[in-house]
Amino acid sequence: MAARGWDGLLLCAGLLLAMPALAATAADRDACTAGVDKADVGGAACSRIIDDASASVADRVKAFENRGRGFFNSRNYDRAIADYGEAIKLNPNDAFALAHRCEAYESKEDHDAAIADCTEAIRIDPGYGWAYNNRGVAYYGLHDYDAALADHAAAIKLDSRDAWAHARRGMAWLEKGEFDQALADLTEAVTIDPKYAFGFGQRGHARFRKRLITKKGEWEPAIEDYSEAIRLDPNLVWLYSARGVAYGNNLQYDLAVPDCSEVIRREPNNSGGYNCLGVAYEGQKNYSRAIAAYDQSISINPRNGVAYWNRGNAHKNQRKIDAAIADYDRAIAINPKDFNAFNSRGKAYLANGDRDSAIADFTQAIQLDPSYVEAYDNRGFTYDELHRRAEAIADFRKAQSLDPADQVSKKMLHMLGF
């Protein structure tokens, strides 16, 4: 009997390693294309195509693209970026892979890398609206709203019925304080697609912000848009935070708390849910619980500028002015175009008797949003305290021209003899 040894086993292992991978089948190609929303199924089929040495370059590029989309849809952005990168290595002129890698980078908030990829995709294919929209989203992330507006306008020029482009352009208009233009774009988005939950949610934001800043209108239209968006897609968790904050501003705290709590129940590490809860508690004048909720929101997401702004407001209501100013500083550092934070910090400086800093902040808020009635009123008050009567009158008149129903400027003008 022959002796048993390692040689035979090593020979078998060598043969196994030398065997080529099984060739991909037509069924694999179909599954790879159809399975982008099922990373486990489509990904396996795509992997067989990728590993098939006999597959054409075009088939392997498509497989990397599809597997990348599957990873992206399952929020595995790093693996999506890697797969799109492999597709680009095989075909450097693959505008699709570049635009989608741009989207994946943006999902990781790597705005510069996203812009670089989308710019290259546009260079390859100047008619690629998806690339313009994704680059616009990246510019928005950098707070470069003018560049975002230009990109979404380019996408709309290519396809006037691009609901996403209208929605994103509306969001950029909103950040510039151009509420009517924002509402026009967002209304166009939901007119094009009446089942567009994201569009209704963003129009709710526009209506909310317009009411918050201009004091015009009511909170109910924003709440109605958020509710419609929730009806269309109950899985968009951020909508509950948004509606909860709107309920809070409408003094409906009994409805605000359940919405905010629903966010936290679904996603215990949701920064927006705790910010929402803080707004509800603040409305109830329970400032300590509000600050605790904002603390939790910030600990989850230290880049949540809105939570710093809200916490600053709560500190100010507790007469902790220095703590409030520190929070407004953080909000402004995160978003240097946050006109709300400048206006609020101006009021805090004024409470500390620092009128020069207050005027500088109110002026910055007005420059960022020339329709900001409250900022004109606040600067007018400060000028009046400094006996700079002509400048005070000019500010109150500007506030009245923007909103004839504004009682603050109307009263002050009357006191000043007008």
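Here's what I pulled together on the structure shown here. As the structure is a prediction and not an experimental result, all values here were calculated from the model. (Residues numbered from 1 in each chain as written. Predicted model: local features only at pLDDT ≥ 70, side-chain atom pairs only at ≥ 80, totals over all residues. Heavy atoms only, no water.)

### Some thoughts on the overall build of the protein chain
A tally of regular secondary structure across the protein chain gives 24 helices and 0 strands. In terms of overall size, the protein chain is more extended than a compact globule, its C-alpha atoms giving a radius of gyration of 27 Å where 418 residues would be expected to give roughly 22 Å. Taking all 418 residues of the protein chain together, 51% fall into the buried category. Sequence separation of 24 or more characterises 49% of the internal contacts of the protein chain that already satisfy a separation of 6 or more. (Helix = DSSP H or I, 4+ residues; strand = E, 2+ residues; numbered from the N terminus. Rg over C-alpha atoms; globule rule 2.2 N^0.38 Å. Buried < 20%, exposed > 50% of the residue type's maximum accessible area, 1.4 Å probe, protein only. Contact = heavy atoms within 4.5 Å.)

### Brief notes about the state of the cysteines
All told, the structure shown has 2 disulfides when counted by the stated rule. Here cysteine 102 pairs with cysteine 118 through a disulfide, and the sulfurs are 2.1 Å apart. Judged by the sign of its S-S torsion, about -100 degrees, the bond between cysteine 102 and cysteine 118 is left-handed. Pair noted here: cysteine 102 is in helix α6 (residues 95-107) and cysteine 118 is in helix α7 (residues 111-124), with a separation of 16 residues, a long-range link. (Disulfide = S-S within 2.5 Å.)

### Overview of the packing of aromatic side chains
The description of an aromatic ring pair rests on the distance of the ring centres and on the angle between the ring planes. Overall, the coordinates contain 8 aromatic pairs when judged by the stated rule. On the basis of an interplanar angle of 70 degrees and a centroid distance of 6.0 Å, the ring pair of phenylalanine 198 and tryptophan 238 is categorised as edge-to-face. Remark: tryptophan 238 occurs in helix α14 (residues 238-249) and phenylalanine 198 occurs in helix α12 (residues 197-214); sequence separation between them is 40 residues. Each member of the aromatic cluster is reached from another via a ring pair, and the members are Tyr196, Phe198 and Trp238. Looking at arginine 168, its charged tip hangs above the ring of tyrosine 140, at a distance of 4.9 Å from the centre. (Phe/Tyr/Trp six-rings, centres within 6.5 Å; stacked < 30°, edge-to-face > 60°. Lys NZ or Arg CZ within 6 Å of the ring centre and 35° of its normal.)

### Brief notes about unusual backbone geometry
At leucine 251, a position not held by glycine, the phi torsion is positive, near 65 degrees. Tracing the backbone through its elements, the reader meets leucine 251 in the loop between α14 and α15 (253-266). For leucine 251, a relative accessible area of 61% puts it in the exposed group. Although it is not a glycine, arginine 319 sits at a positive phi angle of roughly 65 degrees. In this fold, arginine 319 is placed in the loop between α18 (305-317) and α19 (321-334).

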